[in-house]
Amino acid sequence: MRGSIGGGNPLNALEDEDLYQEPVRQIIKPLNQLDLSEAELREEHTRVLTATDPNVPNNVTKYNYKDRMYKIDPPGPGDHLAVHFSMDGCLLFRELDEAKQQLAYMEKKREEEEEAKRAAAAAAAEAGEEEPEADGGAGGKGGKNQFNYSERAAQTFTNPMRDRGVATEPPPMVNFSSTIAQWEIYDHYMQEYAASQQEAEHEAARRGIRRPDGGGGGRGRGRGGGDDTVHSAKMGGVLKMLERMANQNAEDEIFQDFKYWEDASDQFREGEGSLLPLWRFSTERTKKKQVTALCWNPRYPDLFAVGYGSYDFLRQGSGLVACFSLKNTGSPEYTLATESGVMCLDFHPLHHSLLAVGCYDGTVMVFDVRQRRGAPIYSSSIKTGKHTDPVWQVHWQCDEQPKELNFYSVSSDGRVANWIMSKNELKMEPVMQLKLVGGAREEPEVRHPLNGLAGGCCFDFNRHAEHLFIVGTEEGRVHKCSKAYSGQYLQTYEGHNMAVYALRWNPFHPRVFLSCSADWTVKLWDHALPQPVMSFDLGNAVGDVCWSPYSATVFAAVTSDGKVHVFDLAQNKHEPICEQKVVKRSRLTHVCFNLRDPIIIVGDDRGGVNSLKLSPNLRKVHEPAGEDGKLSARASAQAQADNMEKLLQVADTKPTPA
Amino acid sequence: MLAAQTPELSDAEYRKLVSKPVVKSADMSPEMSSEAIEVMTMAVDKFINVKNYEAAAQLIKNSLDKKFGASWHCAIGEGFGFEITYQKRNMIYMYYGQLGVLAYKC
């Protein structure tokens, strides 16, 4: 009733205390709900509850057959009854018959049980047993009923059993066995005693040694050990790298020039070139020495060896070999000191760490540059034979592989020797004795009173005919010799008036060689002709001459006035295409072309080595016209030889001044 | 060879030499072994006069048990052979005077 009233009135619903559940309530009004003002809502309507059902119609009219008319049938008291809930119970009233019957039945049943019990008790008494009665009495008093009793049991679930074990790792055990006997104990004690005795002796001895140097030696040694990292090989390597980096940074401009600079003016002048000085290699130790030999390493194109000594008979001193690298221009990579001045050196073309060195005192040595101890691995001695005069040139042979390594040397004692590196010593094999040739044509009647030997100054081996080599002597003659005949010369070339300083076979053409001499000239020879093919007067003693490795017609010569002359016979047969003074107030002694880069190194008599870059005009490679593209190495070599051949023919048509 | 090396020693010298223990073999840390040697020499010294090696061994065993934990075994004798299995790092075998003393844990 109340709910129906409240449901119609939203304000009532708001105030309702019983609706506690929802804090936010949305009121949905029926569409047909009246809108009432506050006052109307506040107004109280009193309603009285009565037992009459307002829904029951009170105007039911029924036809009355008795009165034969329609009569209003007012609702009776039963009409106002509304049954909301009804349930049938199982209880009975005692007064009802049904109840009475049930009670009687139960009474009867109880009596029957009593009867049966009594009968059983009587039977038990008959059997003469006392206890059952007592028991029965006890049962009768409400305990367990002996007959109508069922025992009930419940079994709980039994958990399955599980085995579980833990084992720790046992402590490690060791087996040990021994025996003890009196003699063993004795021996052991004696051994201990002897050891302690020895220890004491050692201690005494050590103390005895240490005493003389007052303990300072020990401390010094200790300090040396502590500073080991500073002097270790690893540190050395690091420092070397650092030095190279520092040098490279400091000389960046020179490195740029070395790599990229090309003389632009070369395009505008034909047949002329220039040399760009790059680094100057020198060390404090070689200030007073003269550069007597230069040699590039055949394997590492940036590495070259320089021999230091003296050409002056009166000012001889110790010698030095320094290996410089273009990667570290500040100081040499290795230095090898020799007793006597170094006169010549040569790297082995295949075993690139082997360096043959000839000295002023006539010894020849072989160094392994990799071993930095500074001691030669082979050295000639008086016992094994040696030259008695300065060795002017050494040259490795690499013709027959299986043979032991060997090299040739020439000395002013008039001998050419072959040195064989046997297992433990350097074996000397004399190859040639340079007999004096009494200039047959010039003075046939004069016999040399002294049957001496000619002093060999230089030699070179022909690349194309292995047995063929030429030797230049102090007298100015050049002899063509063969390894096969040691007795005589194959030919003698006359043309130089003073000592021949250098002889070089052309690297491409098999017949052509160059000679340079103290008589200011450089001469070009064809070994088939007794006369020089060409002769160049350079106005000063020519210290060295060297063919370029890239062109058959280019060579460089250095003179004692400090000039470098570069010739390209294909461009100019009479004048050098470059003549440049590279050192002041000193003589140039040697020159050598790099095998890869367009640079030459020249050595002077003040212990310095200058590197020079050749301008593009100086390194023109004259390939025959009409052939396009790149030539193979062999074809290119052939082309170079052809160039030379052409040159020879031209020169031959013009007879040389006899 | 040994005889050739060892010099002849007088009786007194030898006695002096054997008055200190020589460790023949030890498998333990240095601190532990020095402590064990001390215990063993002390025990042997105590009973050497009455030649009661058994008591000495008992004493050594008990003191080592107390010091390093159970369970130690000790053998003392002038001459015997043995083959034992011991817990690693817990064995010492030394000569002391005329006796060989072995102690190990297992």
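The following paragraphs examine the structure supplied in this document. This structure is a prediction, so every number in the text was calculated from the model and none was measured.

1. Some points on the sheet that holds strand E8 (residues 334-338) of chain A
Residue and element names in this part refer to chain A. Reading across from one edge, E5-E6-E7-E8 is the order of the four strands in this open sheet, with antiparallel pairing throughout. The sheet is open, and its two borders are formed by strand E5 (290-296) and E8, each paired with just one other strand. On average, adjacent strands in this sheet sit at an angle of 20 degrees to one another, irrespective of strand direction. Pairing analysis gives six bridges linking E5 to strand E6 (residues 303-309), with the strands arranged antiparallel. Bridged to Val291 within E6 is Tyr308.

2. Brief notes about a nonpolar patch on the surface
Taken together, the side chains of Met235, Val238, Leu239, Met241, Leu242 and Met245 of chain A define a hydrophobic patch exposed on the protein surface, amounting to about 560 Å² of accessible area. For Met235 of chain A, a relative accessible area of 31% translates into the label partly exposed.

3. Notes on the packing of aromatic side chains
Scanning the model with the defined rule gives 33 aromatic pairs over all chains in all. Geometrically, the ring pair formed by Phe176 of chain A and Tyr86 of chain B is edge-to-face, given 6.3 Å between the ring centres and 85 degrees between the ring planes. In this pair, Phe176 of chain A is assigned in strand E3 (residues 173-180) and Tyr86 of chain B in strand E3 (residues 80-87), connecting two distinct chains. You'll find Phe176 of chain A and Tyr86 of chain B in the same group, each marked buried. These aromatic residues form a ring-pair network of at least three members: Phe255, Phe258, Trp279, Phe281, Trp296, Phe304 and Phe324 of chain A.

4. Quick look at the nonpolar core
All names here are of chain B. With 24 residues, the main nonpolar core has Met40, Val44, Ile60, Leu64, Ile76, Ile92 and Val101 as its most contacted residues. Those elements that provide at least two residues to this core are helix H3 (30-47), helix H4 (53-68), strand E2 (72-77), strand E4 (91-96) and strand E5 (99-105). Here this core gets eight residues from one element, more than from any other, and that element is H3. Apart from the residues within four sequence positions on either side, Ile60 is in contact with Val39, Met40, Ala43, Val44, Cys74, Ile76 and Val101.

5. Digging into the interface of chain B and chain A
Opposite the 37 residues of chain B that make contact, chain A presents 22 residues. When the two sides are added together, the surface that chain B and chain A hide from each other amounts to roughly 2600 Å², 68% of it contributed by carbon and sulfur. Between the two partners, chain B and chain A, sit zero salt bridges. Where chain B touches chain A, the interface holds 13 residue pairs in polar contact (both at pLDDT 80 or more). Those elements that provide at least two residues to the side of chain B that touches chain A are helix H2 (11-17), strand E1 (22-27), E3, E4 and E5 of chain B. Looking at the side of chain B that touches chain A element by element, the count peaks at eight residues for E3 of chain B. Relative to E3 of chain B, E3 of chain A is paired through eight bridges, and the arrangement is antiparallel. Each residue of the ladder has a partner; that of Ile180 of chain A, found in E3 of chain B, is Phe80 of chain B.

6. Things to note about the side chain of His509 of chain A
All names here are of chain A. One can find His509 in the loop between strand E21 (500-505) and strand E22 (512-517). Of note is the side chain of His509, whose polar atom sits 2.7 Å from the side chain of Glu645. Here His509 is in contact with His464, Ala641, Met644, Glu645 and Leu648, once residues within four sequence places are set aside.

The rules behind each value
- Residues numbered from 1 in each chain as written.
- Chains lettered and ligands numbered in written order.
- Predicted model: local features only at pLDDT ≥ 70, side-chain atom pairs only at ≥ 80, totals over all residues.
- Heavy atoms only, no water.
- Pairing = 2+ DSSP bridges.
- Helix = DSSP H or I, 4+ residues; strand = E, 2+ residues; numbered from the N terminus.
- Axes fitted to C-alpha atoms, helices over the stretch in contact; angles between N-to-C directions.
- Patch = residues over 30% accessible without salt bridge, like charges linked within 9 Å, V, L, I, M, F, W, Y side chains within 5 Å.
- Areas by Shrake-Rupley, 256 points an atom, 1.4 Å probe, with all protein chains shown as cover.
- Salt bridge = Lys/Arg side-chain N within 4 Å of Asp/Glu carboxyl O.
- Buried < 20%, exposed > 50% of the residue type's maximum accessible area, 1.4 Å probe, protein only.
- Phe/Tyr/Trp six-rings, centres within 6.5 Å; stacked < 30°, edge-to-face > 60°.
- Core = buried A, V, L, I, M, F, W, Y, C linked by side-chain atoms within 4.5 Å.
- Contact = heavy atoms within 4.5 Å.
- Buried area = accessible area lost by both parts, 1.4 Å probe.
- Polar contact = N/O pair within 3.5 Å; in protein donor to acceptor, adjacent residues only side chain to side chain.

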